[in-house]
Amino acid sequence: MEKLINFTIDGIPVVAKKGETILTVARKNDIYIPTMCYISKTTPCASCRMCVVEVEGVDGFVLSCNTPPAQGVAITTNSHDLEQERTNIMKLYDVNHPLECGVCDKSGECDLQNKTLEFGVSEQNFTARDQLRKVEDWGLINYDPSLCILCEKCVHVCNEVIGDDAIDVKFGGYSSTIIPKNSETLDCTYCGECIAVCPVGALVSSDFKYSANAWELSRVPATCAHCSAGCPLEYETRHVGINGDDSIYRVKNNFEFASLCGAGRFGFDFENRVIGKDKEAFEKAVDAVQNAKAIRFSSMITNEEALILEKLKAKYGFKLFNEDARVLQSFMNAYSSVSGKLHHSGSLDAIKQSDAAIVIGGRISTDNPAVRYALTTAAKHNGAKVVYAHPIEDALLQNIVTQFMKYEVGTEEGVLALLANEILKNADLPEKERAYFDALDLGYLEAESNIGEEELTQMMKSFARSHKKVLIVGNDVMAHPSAKHIAKLVAMIEKYSDFSLVVIPAEINSLGVSLINSLDVDENIDGVVGYNAKGEFVISSLEGADLAVSALNQQEGTFVNIDNRVLATNVAIGFNGYCFNDIANACGLRKEYTIEYTKDLEQVVGFKDVAFDDLENFLSEYGDDIRGYILDEVSCKEDGELEEIDDLPEFNGTVIYNSNPVLQFNAHTNKTKQLEKDDTLRGSAQFATAARISNGDRVEISFGNEKIQRKFKLDSELKGTIALNPTFDSGFDASKYRFEKSKIVRVINE
């Protein structure tokens, strides 16, 4: 039983758990202690000293942010001496702080403003010779050292949550400043979390700077649409000009507990703008849907629109194509046949709380940054042992990975079999399953996958004292030729060990679509209507559509994210054209608003009978995710059996891995203004030698029947004969395994 600590704060009896500080207990009990540098999701910065308290029997003041309470101790949070101490701290903070609140981006929501007023600092008793402090332009981020109060929040969040470890404090007394770490300029993934946590206007968005005041902006709570994490965010909007339409000015997040990647923070302008409704195009769209042989659609779609498509399929008998969701659906069905349930057990929070993690089958740092942030939190705060298994080492994970397992391309089935055999070595398995693992040809699997017995032994040894383990399975394996058997092996690990399981879908609503729609294998047939996808008639929020419709930041509806949580999103800016529900109504479905379908989502797969307007959309004051609801668990028939592993495939020569660069995910992020668009083929010097190409060459890449041209860029962080090929600008067939054998030739322009 966990030992509790009883003590008092301002005479109020309170209880602390092991690891809690005086400040965290005070906050849990709604007792106010002022802070300037504290942030809940990192270790205490302990730089501002505003959180000092008095402890009975202890001389001087104690920092409440990093001091655990003792049994029976009496804490005082407010006294004349404490008030004087905090007031003097604020006076020191205000020394030579520029009086430019009228134009500062933080004005109206500035901690320094608020605390200066709170402690009644109306005059300055201290002076110091001011210094010239150059404003730094770091690309998407500007840093003004004259406004910086050196709270160190940015440094802590960059290191402990994001994992970039890209900034540091250059100490020098009054001339101390924040600098790029081990670099002349900022070298990071540009998540912008440093902007979010900055209590003053020192770190700001270069694009937003001087464009609007905080009090002029309207906040719209929504869900990020760029990956399956479904991160909470707020679109901040305002009209452009006197009579102009609303526009998104910036994105903010509840930085105290949640984080955003750069795509979520800076890639907000993917909305669709139209002058008005094109009635002729709409009528053609209705006719195309009614006479379609198939509708091909992307997972950048709400649950409600997915349900509309399912109802239209039942009415007209056409096929539904969505390879991304179909391969996930197939994977999870195979998983369910062994696990006996429909949904995986883990979540992003489970990753954050873990002390051991295995990641296999995905380049998570770019596929799903939220998973990377959760792993970083686990590594930095819990000392989690992180095993990363993949054919390509990931430099963005080097600060947290404790063991890298480099396996051969295509051998994921063999690797999962080896992992399952090692993890379940002492598990109480049914006789049939134990016989299966006993019969495995471990020597063959180890030789072909390049994962040796000593690596597996090392992994289990590092996990020996771990109590909260998680297995994270990435998107690489969904379209693997042996995906169904891989899913069964994954289910075995979850079912018979103490590992929880997180499966990473590709898009924001891949999981929702896989639960709602009966999907068909995509075929090259005539009569296909595309909804944000290719087709003879295209309905899309992207350029080149036959009928323009609203983007996801112009819609309300729900998604199912990586946590199996149903999340609401709202309209940030209006759309003057048609939406897909208008087509549905013209086809006879008859609901005035798309969100009227929210209550109709199938309960048989875990959805609840909850109306859209009854869904919450916020984090609690203690960081609990109150958004939407978790899908109900659904029992499934356990009729799956483990299969004999055939010869593992070989990928010789130059291999392409379809993987996007940092900040890019799909055509919608490609549409945004601020996000970098690196469309180069990136590979190592070894790859260049094997392909007989050089840095800067224009090359033609052939895989299967497809040919594309890209510029080749040498990447010193990559090794081996696998190159990274972006898909955000060209799309990717999700039915294909992400690694592909390729032929690469240099293009000679005559």
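To be clear, the structure that these remarks concern was listed above.
Residues numbered from 1 in each chain as written. Predicted model: local features only at pLDDT ≥ 70, side-chain atom pairs only at ≥ 80, totals over all residues. Heavy atoms only, no water.

1. Some points on the sheet that holds strand 24 (residues 557-560)
Thought 1: Spatially, the three strands line up as an open sheet ordered 24-25-26, and their pairing is antiparallel. Either end of the sheet is taken by a strand with one partner, and the two such strands are strand 24 and strand 26 (629-630).
Thought 2: Helix 8 (residues 303-316) contacts strand 24 and strand 25 (565-569) of the sheet and is inclined by roughly 90° relative to strand 24. (Pairing = 2+ DSSP bridges. Helix = DSSP H or I, 4+ residues; strand = E, 2+ residues; numbered from the N terminus. Contact = heavy atoms within 4.5 Å. Axes fitted to C-alpha atoms, helices over the stretch in contact; angles between N-to-C directions.)

2. Observations concerning the packing of helix 2 (residues 80-94) against helix 3 (residues 111-118)
Thought 1: Taken N-terminus to C-terminus, the directions of helix 2 and helix 3 make an angle of 135°; their axes are 10 Å apart at the nearest point. Classified by the angle their axes make, helix 2 and helix 3 are oblique. In the packing of helix 2 onto helix 3, the handedness of the crossing is left-handed. Contacts between helix 2 and helix 3 involve Met90, Tyr93 and Asp94 on the former and, on the latter, Leu112, Lys115 and Thr116.
Thought 2: In terms of residue class, the contact of helix 2 with helix 3 is made up of three nonpolar, one polar and two charged. (Parallel < 35°, antiparallel > 145°, perpendicular 65-115°, else oblique. Left-handed = near helix turned anticlockwise from the far one by under 90°. Nonpolar A, V, L, I, M, F, W, Y, C, P; charged D, E, K, R; others polar.)

3. Structural notes on helix 13 (residues 412-423)
In an α-helix there are 3.6 residues to a turn, and that puts residues three or four apart on one side.
Thought 1: For helix 13, which comprises twelve residues, the first-to-last C-alpha distance of 16 Å matches the rise-based estimate of 16 Å (1.5 Å per residue) to within 8%.
Thought 2: Of all twelve residues that make up helix 13, twelve are buried, and the element is covered over most of its length.
Thought 3: Restricting attention to buried positions, one finds in helix 13 the residues Glu412, Glu413, Gly414, Val415, Leu416, Ala417, Leu418, Leu419, Ala420, Asn421, Glu422 and Ile423. (Expected span 1.5 Å × (residues − 1). Buried < 20%, exposed > 50% of the residue type's maximum accessible area, 1.4 Å probe, protein only.)

4. Examining the pairing of strand 27 (residues 655-658)
Thought 1: The alternating pattern of strand 27 places Val655 and Tyr657 and Ile656 and Asn658 on opposite faces, both of which are buried.
Thought 2: Across four bridges, the pairing between strand 27 and strand 31 (residues 722-725) is parallel. Bridge pairing in strand 31 links asparagine 658 to asparagine 725.
Thought 3: One ladder, built from three bridges, connects strand 27 with strand 32 (residues 739-741); its direction is antiparallel. Looking across to strand 32, one finds that valine 655 is bridged to lysine 741.

5. Looking at the pattern of salt bridges
As a working rule, side chains carrying opposite charge can pair if their charged atoms are close by.
Thought 1: Under the definition given, this model contains 41 salt bridges.
Thought 2: One connected set of salt bridges, linked through shared partners, spans Glu109, Arg219, Glu234, Glu236, Arg250 and Lys252. (Salt bridge = Lys/Arg side-chain N within 4 Å of Asp/Glu carboxyl O.)

6. What to know about the sheet that holds strand 16 (residues 356-360)
Thought 1: Sheet architecture is open: five strands sit in the order 18-17-16-19-20, paired in parallel fashion. For this open sheet the edge positions go to strand 18 (403-405) and strand 20 (499-503), each flanked by a neighbour on one side alone. Between one strand axis and the next, the sheet turns by 15° as a mean value, whatever way the strands run.
Thought 2: Two strands pair when backbone bridges link them, and strand 16 and strand 19 (residues 469-473) are joined in this way by five bridges, in the parallel orientation. What sits directly across from valine 359, in strand 19, is isoleucine 472.
Thought 3: The strands touched by helix 16 (residues 453-462) within the sheet are strand 16, strand 17 (385-389) and strand 18, with strand 18 carrying the most contacts at an inclination of about 145°.

7. Considerations on the nonpolar core
Thought 1: One finds Phe331, Phe437, Ile539, Leu547, Ile583 and Phe607 to be the most contacted residues of the largest nonpolar core, which totals 99 residues.
Thought 2: If we ignore the near neighbours within four places in the chain, the residues touching isoleucine 539 are Ala285, Val289, Val529, Gly530, Tyr531, Asn532, Leu547, Val549, Phe580 and Ile583.
Thought 3: Of all hydrophobic cores here, the second largest spans 88 residues; its members include Met36, Phe119, Cys154 and Tyr388. (Core = buried A, V, L, I, M, F, W, Y, C linked by side-chain atoms within 4.5 Å.)

8. Comments concerning the pairing of strand 29 (residues 698-703)
Thought 1: Across six bridges, strand 29 lies against strand 30 (residues 706-714) in antiparallel orientation. Paired with phenylalanine 703 across the strands is glutamate 706, a residue of strand 30.
Thought 2: Remark: two residues form the turn of the hairpin made by strand 29 and strand 30, two consecutive strands paired antiparallel; glycine 704 in that turn has positive phi of roughly 65°.
Thought 3: With four bridges joining them, strand 29 and strand 33 (residues 743-746) adopt antiparallel strand pairing. Looking across to strand 33, one finds that glutamate 700 is bridged to valine 745.

9. Re the side chain of threonine 223
Thought 1: Position of threonine 223 among the secondary structure elements: in strand 11 (residues 218-223).
Thought 2: A relative accessible area of 1% means that threonine 223 is categorised as buried.
Thought 3: Beyond its immediate sequence surroundings of up to four residues, threonine 223 is in contact with Gly230, Cys231, Leu233, Ile508, Phe559, Leu567, Ala568, Thr569 and Arg627.

10. What about the environment of phenylalanine 297?
Thought 1: When you line up the elements, phenylalanine 297 lands in strand 14 (residues 294-297).
Thought 2: With a relative accessible area of 3%, phenylalanine 297 lands in the buried category.
Thought 3: Apart from residues no more than four positions distant in its own chain, phenylalanine 297 is found in contact with Leu309, Leu320, Phe321, Asn322, Val513, Asn517, Leu519, Tyr531 and Ala533.

11. Re the side chain of serine 702
Thought 1: Within the secondary structure, serine 702 sits in strand 29.
Thought 2: Residue serine 702 is classed as buried on the basis of its relative accessible area, which comes to 17%.
Thought 3: When near neighbours in sequence (up to four residues on either side) are disregarded, serine 702 contacts Lys707, Lys741, Ser742 and Lys743.

12. Quick word on the packing of aromatic side chains
Thought 1: With the rule as written, the count across this model stands at eleven aromatic pairs.
Thought 2: Measuring from ring centre to ring centre gives 5.9 Å for phenylalanine 651 and tyrosine 737, while their planes differ by 65°; the resulting arrangement is edge-to-face. Residue phenylalanine 651 is located in the loop between strand 26 and strand 27, and its partner tyrosine 737 is located in the loop between strand 31 and strand 32; the two are separated by 86 residues in the primary sequence.
Thought 3: Residue class for phenylalanine 651 comes out partly exposed when judged on its relative accessible area of 22%.
Thought 4: Between the NZ or CZ atom of lysine 277 and the centre of the ring of tyrosine 578, over which it lies, the distance is 5.1 Å.
Thought 5: Lysine 741 extends its terminal NZ or CZ atom over the ring of phenylalanine 651, reaching a point 5.4 Å from the ring centre. (Phe/Tyr/Trp six-rings, centres within 6.5 Å; stacked < 30°, edge-to-face > 60°. Lys NZ or Arg CZ within 6 Å of the ring centre and 35° of its normal.)

In short, shape yes, function no, at least from these values alone.
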